[in-house]
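Secondary and tertiary structure notes
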Protein chains: 6
Amino acid sequence: MIVTVSRHAHFNAAHRLYNSQWDLEKNEAVFGKCTNPRYHGHNYELIVHVTGEVDPSTGYVVDMKWLSDLIKIEIEDRFDHKNLNEETEEFKELNPTAEHIAYVIWNLLRPCIPIQHQLKVSLYETPRNYVAYEGQ
Amino acid sequence: MIVTVSRHAHFNAAHRLYNSQWDLEKNEAVFGKCTNPRYHGHNYELIVHVTGEVDPSTGYVVDMKWLSDLIKIEIEDRFDHKNLNEETEEFKELNPTAEHIAYVIWNLLRPCIPIQHQLKVSLYETPRNYVAYEGQ
Amino acid sequence: MIVTVSRHAHFNAAHRLYNSQWDLEKNEAVFGKCTNPRYHGHNYELIVHVTGEVDPSTGYVVDMKWLSDLIKIEIEDRFDHKNLNEETEEFKELNPTAEHIAYVIWNLLRPCIPIQHQLKVSLYETPRNYVAYEGQ
Amino acid sequence: MIVTVSRHAHFNAAHRLYNSQWDLEKNEAVFGKCTNPRYHGHNYELIVHVTGEVDPSTGYVVDMKWLSDLIKIEIEDRFDHKNLNEETEEFKELNPTAEHIAYVIWNLLRPCIPIQHQLKVSLYETPRNYVAYEGQ
Amino acid sequence: MIVTVSRHAHFNAAHRLYNSQWDLEKNEAVFGKCTNPRYHGHNYELIVHVTGEVDPSTGYVVDMKWLSDLIKIEIEDRFDHKNLNEETEEFKELNPTAEHIAYVIWNLLRPCIPIQHQLKVSLYETPRNYVAYEGQ
Amino acid sequence: MIVTVSRHAHFNAAHRLYNSQWDLEKNEAVFGKCTNPRYHGHNYELIVHVTGEVDPSTGYVVDMKWLSDLIKIEIEDRFDHKNLNEETEEFKELNPTAEHIAYVIWNLLRPCIPIQHQLKVSLYETPRNYVAYEGQ
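Values in this document were obtained by computation on a predicted structure and should not be read as measured data.

So, about the overall build of chain A. Helix and strand counts for chain A stand at four helices and five strands. Beginning at the N terminus, the succession of helices and strands in chain A can be written as β-α-β-α-β-α-α-β-β. Taken over the C-alpha atoms alone, chain A extends approximately 60 × 25 × 25 Å along its principal axes. Counting all 136 residues of chain A, 62% fall into the buried class. A separation of at least 24 residues holds for 67% of the contacts in chain A among residues at least 6 apart in sequence.

Okay, structure coming up:
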């Protein structure tokens, strides 16, 4: 019995989109107001999806309380109320687009998820825009 | 033309998580407050997804009115306002985790869905937790 | 400057509707399947609204972190994953309709909210049904 | 790095379900009140999903502003505040079921999306009914 | 104990905005694409709010099942899957703006609600636009 | 016929909570991580409510298209993708709590709304926290 379990989480942060190999004019041409040097921000709504065999003794793929605590420790405590560009190791060099944030979150969680389970990460940057990454 | 059609439905029920082969202490260690012997409950939001060829004469994969009635008869009438552990055949022996409830719903609906169509079931146990099962 | 601040919270619980002065037949006639003696349950979505003067030094009516902690201690810890009829003092005698639950929550919170502020409580019993009580 | 980016859009329109090769009686037997000759209508909530390699210079699969503008020009301007059966080329002959509308939208967008990217279209006809088409 | 109880309902319909005392040009100047003579449509999300004393024997302001049935009979059966301008008595002469639809619904429900209770009607025309009327 | 019409809008921005008359230690004691000097951010969901007489010739309280354009020009263009503390006149001196942002928005819109109409502003800072201000 293979089931996908999904858990919502939330953090908010400031960021700007910026490619350090381009000058400001090129950054503005590509990223528009998203490259504002004084930053803007979002409420990021995160959904973590884990797919695997249901353990017949618990009826769980993974314990949701454990998953929720894992997301808190690995993701929310790291990014919540932060400036992603200035205050995180992960986005010192990497442009914090929603695509890259989902990729970073997937890579932070992957080592903590049982090896036999699949992992997917969905991330709403606004209520109308979201991305998904599953490790490919 | 292969399309997936999805229909939301709703039921609310009481349950507790419990493995009858474990003593109370083990159940509490694993399931925490979810094993409360006097039960707790949820509004279960169910989404049934059917994937198949669109019938060129109707433009439908399946008639949504028919699908909605099927879900009412097979699922809502069976589980709505019930104590899943005590009052349903399906969870007399099976621990009513969200994973197992999705599995049971899938198996109840599968014989009623045209054989050439695929079926998937998503189930929100809370607005922040959900599971999906597609028959594997 | 008078502002209303509102905070969402969540708990889930089992309950049944029941008037102890009526026999089972009368309870069934009035409450239908909601009086099922083996209980059913809900995800209760709670919104607490506090109206008052904005403190010019903080820009807050009340600190949302404080309000959120208060709701956790006074309401979520008391009712979450509980059987309202059997396991709470508040609903030993009082029929746990949404109306009464909102009334009880209001009365639990009122002494903790600054006396000069107004308090209102909204409670979703399902995504389609909710109630509001403001102390009258 | 393969990511799916998704963008919400919205249009509202009138339609009726109707198979021109059937008489009115047959249409009513199959489509019920959805074949009302004087039309009914919906708020259509559209989600466009594009899957592809993330461009390392931008961190984008596609520019969301570009995708949003494309949906406006190709879909919203074409269908918003229209009578689908009477005022659109696409549904002159094709019965405007949600399945067919998703199929038409997919075909309108496909030539505009980079050839190496995958495209999927989800369409809510009501908050409880939706369909998805990905080109098969 | 005065409580407000609220119940969601839903119908979808076609309409156009039109003032019969103006020519087409004036209608277009005022109503834009909303006056399209071939109609457009919406999913109308209706919320009915009833405020009154809680009955101590039931714990109800009004029975939600009764309220839900009332809304079905008086409102959904009357307007669902209809062309408001052409097929309803209420909007033969009255321009079916959201404001007017809320007014009409309030007047249809008012005689059915206990005289000592207050009634308010909220109506979402789209997920981003809504109106409320309470009888003044 | 007095009706309230409500319109949703959206902007995202960076901010920090900060009282310039306090030292950093006091700011941290009061505002916690919300005073992070490098900022964090939110998706602000704004709802503007206008209450007034329905114009019998249009059936409108105000034209929603006009209201939507007004919000875009006065609010979204001013605050979207901005650092509220550093880049706006309004919050140079005023601590940008949700309470104060709602107050500022109300005061920006009030002169543009017909004098005989009432105005209220609701503002979601996160999906679980919101405030409302109506000019008192």
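Turning our attention to the packing of aromatic side chains. Where two aromatic rings form a pair, the distance of their centres and the angle of their planes describe that pair. With the rule as written, the count across this model stands at 48 aromatic pairs over all chains. Judged by centre distance (5.9 Å) and plane angle (50 degrees), the rings of Phe79 of chain B and Phe91 of chain B are tilted. In this pair, Phe79 of chain B sits in helix α2 (residues 64–79) while Phe91 of chain B sits in the loop between α3 (84–87) and α4 (98–109), placing the two residues 12 residues apart along the sequence. Exposure remark for Phe79 of chain B: the relative accessible area of 0% places this residue in the buried category. In textbook terms, an aromatic cluster arises when at least three aromatic residues are bridged by ring pairs, as seen for Phe11, Tyr44, Phe79 and Phe91 of chain A. Directly above the aromatic system of Trp22 of chain B lies the positively charged group of Lys26 of chain B, at a separation of 4.1 Å from the ring centroid.

Superposition record for chain F on chain A: RMSD 0.0 Å, screw rotation 180 degrees, translation along axis 0.0 Å. A rotation of that kind, with that shift, is consistent with a two-fold axis. Taken together, the interface assignments show that 100% of the residues at the interface of chain F recur at the interface of chain A, consistent with an identical surface on both copies.

What follows covers the interface of chain F and chain E. In this complex, chain F contributes 22 residues to the contact, which on the side of chain E involves 19 residues. Regarding the contact of chain F and chain E, the summed buried area is about 1,700 Å², with carbon and sulfur atoms giving 53% of it. Together, Met1, His8 and Tyr60 of chain F form the three largest contributors to the area buried by chain F at its contact with chain E, with a combined 30%. Linking chain F with chain E are zero salt bridges, by the criterion used here. Connecting chain F to chain E are nine residue pairs in polar contact (both at pLDDT 80 or more). Looking at the side of chain F that touches chain E, the elements with two or more residues in it are β1 (2–15) and β2 (40–53) of chain F. It is β1 of chain F that contributes the most residues to the side of chain F that touches chain E, nine residues altogether. Residues that form the side of chain F that touches chain E fall into these classes: 11 nonpolar, eight polar and three charged. The sheet contact formed by strand β5 (residues 129–133) of chain E and β1 of chain F spans five bridges and is antiparallel. When the sheet's bridge partners are listed, Asn129 of chain E is paired in β1 of chain F with Arg7 of chain F.

Conventions adopted
Residues numbered from 1 in each chain as written. Chains lettered and ligands numbered in written order. Predicted model: local features only at pLDDT ≥ 70, side-chain atom pairs only at ≥ 80, totals over all residues. Heavy atoms only, no water. Helix = DSSP H or I, 4+ residues; strand = E, 2+ residues; numbered from the N terminus. Buried < 20%, exposed > 50% of the residue type's maximum accessible area, 1.4 Å probe, protein only. Contact = heavy atoms within 4.5 Å. Phe/Tyr/Trp six-rings, centres within 6.5 Å; stacked < 30°, edge-to-face > 60°. Lys NZ or Arg CZ within 6 Å of the ring centre and 35° of its normal. Least-squares fit on C-alpha atoms with pLDDT ≥ 70 in both. Buried area = accessible area lost by both parts, 1.4 Å probe. Salt bridge = Lys/Arg side-chain N within 4 Å of Asp/Glu carboxyl O. Polar contact = N/O pair within 3.5 Å; in protein donor to acceptor, adjacent residues only side chain to side chain. Nonpolar A, V, L, I, M, F, W, Y, C, P; charged D, E, K, R; others polar. Pairing = 2+ DSSP bridges.

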